[in-house]
Amino acid sequence: METTHGMEFEDHLAAIETIVRRLERGDMRLNEALEAFRTACHHIRESERLLEVAVQEVRELTATLRSEKDVTEAGLFSDDR
């Protein structure tokens, strides 16, 4: 299995696409095709993990923006009273 430490999401996608093209050619021996499929599965799992990290970061940033907006709005309303 390829080492994928430090690979970015787009790198994993490119690796998956390359493997799919190789598998579609149909010229690999069974054991080679199986190993390629295993490697593609690894890249898919890593892609999903990286997406989850990105989604979590977006959620955290969005929550921070909401909190800042709430504080700002609360400050504006309290000054008007």
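Asks: Teacher, can you tell me more about the overall build of the protein chain here?
Replies: Counting secondary structure elements, the protein chain contains 2 helices and 0 strands. Across the 81 residues in the protein chain, those meeting the buried criterion constitute 17%. Contacts in the protein chain between residues far apart in sequence, at least 24 positions, make up 74% of those at least 6 positions apart. Accessible area for the protein chain stands at about 6,700 Å²; split by element, carbon and sulfur atoms hold 55% of it.

Asks: Before we go on, may I ask you to explain a nonpolar patch on the surface in this structure?
Replies: A cluster of nonpolar side chains, Leu23, Leu34 and Phe37, forms an exposed patch at the surface whose accessible area comes to about 260 Å². Along the chain, Phe37 falls in helix 2 (residues 30-80). The exposure class of Phe37 is partly exposed, given its relative accessible area of 47%.

Asks: What exactly am I supposed to notice about the pattern of salt bridges here?
Replies: Between side chains of opposite charge, a pair can form when the charged atoms approach closely. Tallied over the entire structure, the rule returns 3 salt bridges. Two residues, Glu35 and Arg38, come together in a salt bridge whose shortest N-O distance is 3.0 Å. Here Arg38 and Glu35 lie together in helix 2, a separation of 3 residues that amounts to about one turn.

Asks: Any chance you could explain the nonpolar core here in plain terms?
Replies: What tends to happen in soluble globular proteins is that the nonpolar side chains get buried as a cluster. The biggest cluster of nonpolar side chains holds 5 residues, and these are Ile19, Met28, Ala33, Ala36 and Ala40. Looking at which element gives the most residues to this core, the answer is helix 2, with 3 residues. Excluding residues that lie within four positions of it along the chain, Ile19 makes contacts with Ala36, Thr39, Ala40 and His43.

Asks: Just checking my understanding: could you explain helix 1 (residues 9-25) for this structure?
Replies: Each full turn of the α-helix corresponds to 3.6 residues, which orients residues three or four apart in the same direction. With 17 residues, helix 1 ought to run about 24 Å at 1.5 Å a step, and its terminal C-alpha atoms sit 25 Å apart, in line with that. Listing the buried residues of helix 1 in full gives His12, Ala15, Ile16 and Ile19. Projected down its long axis, helix 1 shows its buried positions confined to an angular sector of 100°, all on one face. Every exposed residue of helix 1 that faces more than 90 degrees away from the buried side is listed here: Glu24 and Arg25. Just past helix 1, the residue Gly26 takes up positive phi, approximately 75°.

The rules behind each value
Just so you know, the residues in each chain are numbered from 1, in the order the chain's sequence is written. Reporting in this predicted model follows two pLDDT cut-offs: at least 70 for local features of residues, and 80 or more for side-chain atom pairs to be given and counted; totals over whole chains, interfaces and linings ignore these cut-offs and use all residues. The basis for every side-chain value is the complete set of heavy atoms in the structure, and neither hydrogens nor water enter the calculation. To qualify as a helix, a DSSP run of H or I must reach at least 4 residues; to qualify as a strand, a run of E must reach at least 2; elements of each kind are numbered from the N terminus. Think of it in three bands: with a 1.4 Å probe and only protein chains considered, a residue is buried below 20% of the maximum accessible area for its type, exposed above 50%, and partly exposed in between. Contacts: residue pairs with any heavy atoms within 4.5 Å of one another. Note on areas: Shrake-Rupley, 1.4 Å probe, and residue coverage restricted to the protein chains presented here. Nonpolar side chains (Val, Leu, Ile, Met, Phe, Trp, Tyr) within 5 Å and like charges within 9 Å form the patches, drawn only from residues with over 30% relative accessible area and no salt bridge. Salt bridge, as applied in this entry: a Lys or Arg side-chain nitrogen positioned within 4 Å of an Asp or Glu carboxyl oxygen. By nonpolar core we mean a set of buried residues, namely Ala, Val, Leu, Ile, Met, Phe, Trp, Tyr and Cys, connected to one another through side-chain atoms within 4.5 Å. Expected span of a helix, by definition, is 1.5 Å for each gap between consecutive residues, and there is one gap fewer than residues. Within this analysis, the arc is defined by the directions that extend from the helix axis to the C-beta atoms.

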